[in-house]
Amino acid sequence: MNEQVEQGVPPESQRLSRDALMHQVRQIGQVFLALVAIYAVFYALSEPFRNVNTLFTIMTQASILAILACGTTVVLISGGLDLSVGSIFAVVGVVVGIMLINFELPVWLAIVIGLATGAFCGFLNGMVQVFSGVPAFIVTLGGLTAYKGIAELLGSGQDLSRFPDSFRMLGTGFVMPISIMFASALIIGIFLRMTRLGNHAYAIGGNEEVARLSGVAVARSRVIYYTIGGFMAATAAIVEVSKLNFAQSSRGQSYELFAIAAVVIGGTSLFGGRGGVGKTIIGMMIMQTIIVGLAYLGVGTSVQRIAIGVIIILAVFLDMRNRPKR
Amino acid sequence: MSHDVPVCKIMMNNARSEPGHVFEALGVTKRFGGVVAVDNVDLRLKTGEVLAVVGDNGAGKSTLIKAITGALSRDEGQLYFDGQAVQIDSPTAAKSAGIETVYQDLALVNELTVTKNIFLGREIVRDDFLGRVFGFLDFRRMDNEVRALFGKLNIRITDIYREAEAFSGGQRQAVALSKTVMFGKRVAILDEPTAALGVRESQMAMDLVTSLKDHGLSVIMITHNMQHVLHYCDRVMVLRLGRHIATRNVSEVDGDSLVALITGANEPQAAQA
């Protein structure tokens, strides 16, 4: 065989290996540094930021959307898009409320039914897409309004509030919401990095046709990713319903957009193939830090929204600039 | 015309499997609407040879390959391994039958590491509860197999943790070709393995292609490069406008006669037909 193959590579191999590792560390480190920097700015400007409780408040506020965004991360990595998770969130909230109040089911059973409902809604999103061939954007845009309608039908005219204490435990205080957020991130992170199905998300998002020709069950995998998206929306809904102590079909509005924003700010590619759930958590923390920080500084919600909008565009711009050339 | 279909069937039945061939695709026809992209083509691959498939743009080379490997559905055609009829209707079926294909531009996922690319769709899972139930991957074993493979093929890519997009065209082609040795039990099909490569890289890739023979593979290779046909291949099959024109031993042809076959310059009557 040709001895000249890629001459000069062996001496560099060690360096290259370290480079590849450093590349990963740098990527997540960059977003983390951005979070620290933003936090530091508010720390300097705002008295209440110097209290450690503020950090926990931010994390708690971030937690519900972050849980939902874990599912969004999986879907986006696989090159998909789910605009309906906010509405799935509303359906699950109402369903759990009905199970607890109207049917007086045990808490664990209500939770199981809620999670199954969310997973089923996501499953439907995936199935409709795979079998109709209609683009994800359209299918889940349809899902956005359809699921919203279902939530309204189920929840109209009902007082779904004052839940049992054992259910309220899930969303009250700092500890449970933050723990559920980290547990979600850990489980989804392990799924993405360590399992066959998780790796296929990167492959399908990277190049669907290559994945198909390589024998990856693209359609089946996609359905599973959307199911995970629905399941995580359900988890987030349960935590929020528990925290608020009421369920309403109007909850979850625009949550899908906040989730996508956090995923993108974290550095997961909107075009699929790259990213991770740790980045999403940091991305959500960045968003919440800005929202809470601006609020402490007396800046109104309208300006907060403008700031978030600018940051989303900036994040995608930086992502595109940092990407290696093809 | 109502007797089109029966005529095709009779033609297909006329082609019979012959001994001495590892793989045969007989009577392959692929239509796109009214266009017949591949018209009743017989492809016969001898054991341990490199068979070049040549033809002008639009001759149906890539379509033929895709119809054989299950990437496209065939309208007609029967495949044989060692004279035994086999059913191949998907890329997965082709792989399990022992055909490994390197598609042009569709060989690697840029975002995946070298190891993950090589094992894509055929990952090794851990030999424990986590692996069997949840599909946890055995990265150490896959990495070791890739290192052993690269050692065997003399491919000097040591940084197998790096994403495919970080490598040069030649390195990427080496990775793609190595997949055929890792998994191809019988036949490797290569669609223009040197298409995007420079002169030196092309030569390396072609050396790798011929070395596939040493690893028990018979090779079908689409190419536009007549030099490569004459230097590295055993036989050459010529397609024109979806039809099989000729198959010759490389020793019987030269560059001019090949070009004549490809363009139909010596056969004015064929051009009229």
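Residues numbered from 1 in each chain as written. Chains lettered and ligands numbered in written order. Predicted model: local features only at pLDDT ≥ 70, side-chain atom pairs only at ≥ 80, totals over all residues. Heavy atoms only, no water.

Q: Could you give an account of the packing of aromatic side chains, with specific residues and numbers?
A: Describing an aromatic ring pair means giving the distance of the ring centres and the angle of the ring planes. Under the criterion given, the structure shown has 11 aromatic pairs over all chains. The rings of Y39, F42, F49 and Y296 of chain A are connected pair by pair, giving a single aromatic cluster. Across from the ring centre of Y43 of chain A, 6.0 Å away, lies the NZ or CZ of R50 of chain A, which sits over that ring. Residue placement shows R122 of chain B over the ring face of F183 of chain B; its charged tip is 3.8 Å from the ring centre. (Phe/Tyr/Trp six-rings, centres within 6.5 Å; stacked < 30°, edge-to-face > 60°. Lys NZ or Arg CZ within 6 Å of the ring centre and 35° of its normal.)

Q: Mind laying out the environment of I99 of chain B, listing which residues take part and the relevant values?
A: Residues and elements named next belong to chain B. Take I99: it is sitting in strand β6 (residues 99-102). Residue I99 is classed as buried on the basis of its relative accessible area of 1%. Along the sequence, I99 and I88 sit 11 residues apart, while their C-alpha atoms lie 10.0 Å from each other. (Helix = DSSP H or I, 4+ residues; strand = E, 2+ residues; numbered from the N terminus. Buried < 20%, exposed > 50% of the residue type's maximum accessible area, 1.4 Å probe, protein only.)

Q: Got a sec to walk through the interface of chain A and chain B? Specific residues and values, please.
A: Between chain A and chain B, the contact holds 39 residues from the first and 42 residues from the second. Together chain A and chain B conceal approximately 3,500 Å² of surface at their shared face, both sides included; 55% is due to carbon and sulfur atoms. On the surface where chain A and chain B come into contact, there are three salt bridges. Among the salt bridges present, the one from R274 of chain A reaches E111 of chain B, with a minimum N-O distance of 3.5 Å. (Contact = heavy atoms within 4.5 Å. Buried area = accessible area lost by both parts, 1.4 Å probe. Salt bridge = Lys/Arg side-chain N within 4 Å of Asp/Glu carboxyl O.)

Q: Describe the nonpolar core, listing the residues and the values that go with them.
A: In terms of nonpolar packing, the biggest core is built from 97 residues, with F167, I188, L192 and I238 of chain A touching the most fellow members. Per-element tally for this core: the top contributor is helix α2 (residues 52-77) of chain A, with 14 residues. Contact partners of L192 of chain A, with chain neighbours within four places excluded, come to V74, I77, G198, N199, A201 and Y202 of chain A. Residues V54, F119, A205 and L212 of chain B belong to the second largest nonpolar core, which totals 51 residues. (Core = buried A, V, L, I, M, F, W, Y, C linked by side-chain atoms within 4.5 Å.)

Q: So what about a nonpolar patch on the surface? Which residues, and what values?
A: All names here are of chain A. Where nonpolar side chains cluster on the molecular surface, the patch consists of V52, L55, F56, F174 and V175 and spans about 420 Å² of accessible area. With respect to the secondary-structure elements, V175 resides in helix α7 (residues 175-194). Residue V175 is classed as exposed on the basis of its relative accessible area, which comes to 61%. (Patch = residues over 30% accessible without salt bridge, like charges linked within 9 Å, V, L, I, M, F, W, Y side chains within 5 Å. Areas by Shrake-Rupley, 256 points an atom, 1.4 Å probe, with all protein chains shown as cover.)

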